[in-house]
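# Reading the structure
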Amino acid sequence: MTMVADTLPPPNPIYRRRRRMDLVVRGLCVGAAIFGVTWLALILFTLFWNGLAGLNAQIFTEMTPPPGSNSGGLLNAIVGSLIMTGNRRRPRRAARPARRHLYGGIWPA
């Protein structure tokens with residue numbers, strides 16, 4: 001008996017070139033993805049390393065300070081986000097295009 005490889009025609013050179021290019025491009029894509037994810041992980045690590053030290057209750061309970069002040073928090077930003085989210089989640093009629101500007105520009109398609 002003959003082996004299956006003996007009965008196959010010789011490989012097509014165009015196929016081999018396309019296969020080689022496919023492997024090269026896939027390798028470059030994986031390399032680019034690893035490169036990008038590495039930078040994102042470094043940024044996230046730096047954010048946690050430097051940010052967790054300054055996290056306290058004052059951040060969530062005080063208003064945003066005026067320019068030049070060293071203390072203050074994010075209470076008004078958090079409340080504003082909750083108001084916008086609450087307005088978006090509240091059921092209402094769809095035929096009100098004139099009032100769309102009242103919801104802070106969050107009009108989903």
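This write-up is about the structure you can find in this document. (Residues numbered from 1 in each chain as written. Predicted model: local features only at pLDDT ≥ 70, side-chain atom pairs only at ≥ 80, totals over all residues. Heavy atoms only, no water.)

## A few points about helix α2 (residues 13-51)
Taking 1.5 Å per residue, 39 residues should reach 57 Å; α2 reaches 56 Å between its end C-alpha atoms and fits that length. Near the N-terminus of α2, the side chain that reaches the backbone nitrogen of Ile14, with its oxygen 3.1 Å away, is that of Asn12. (Helix = DSSP H or I, 4+ residues; strand = E, 2+ residues; numbered from the N terminus. Expected span 1.5 Å × (residues − 1). Polar contact = N/O pair within 3.5 Å; in protein donor to acceptor, adjacent residues only side chain to side chain.)

## Description of the pattern of salt bridges
The final tally for this structure, using the stated rule, is two salt bridges. Notably, a salt bridge pairs Arg19 with Asp22, separated by 3.9 Å at the nearest N-O pair. You can see Arg19 and its partner Asp22 sitting in helix α2, three residues apart, about one turn around the helix. Residue Arg19 is classed as partly exposed on the basis of its relative accessible area, which comes to 43%. You can call Asp22 partly exposed: its relative accessible area is 28%. Arg26 is paired through a salt bridge with Asp22; the nearest N and O atoms lie 3.2 Å apart. Of the two residues, Arg26 and Asp22 both sit in helix α2, four residues apart, roughly one turn of that helix. Salt bridges sharing common partners tie together Arg19, Asp22 and Arg26. (Salt bridge = Lys/Arg side-chain N within 4 Å of Asp/Glu carboxyl O. Buried < 20%, exposed > 50% of the residue type's maximum accessible area, 1.4 Å probe, protein only.)

## Brief notes about the environment of Ser71
Tracing the backbone shows Ser71 in the loop between α3 (57-61) and α4 (75-89). Residues Ser71 and Ile59, twelve residues apart in the sequence, show an inter-C-alpha distance of 9.0 Å. What Ser71 contacts, discounting residues up to four positions off in sequence, is Gln58 and Pro65. (Contact = heavy atoms within 4.5 Å.)

## Things to note about the packing of aromatic side chains
Note on aromatic pairs: each is described by the distance of the centres and the angle between the planes. Under the defined criterion, the tally for this structure stands at two aromatic pairs. Ring geometry for Phe35 and Trp39: centres 6.2 Å apart, planes at 75 degrees, overall edge-to-face. Here Trp39 and Phe35 lie together in helix α2, a separation of four residues that amounts to about one turn. Classification of Phe35 by relative accessible area gives exposed; the value is 56%. Note on Trp39: relative accessible area 48%, which makes it partly exposed. (Phe/Tyr/Trp six-rings, centres within 6.5 Å; stacked < 30°, edge-to-face > 60°.)

So far we have only geometry, and geometry alone does not tell us how the molecule works.
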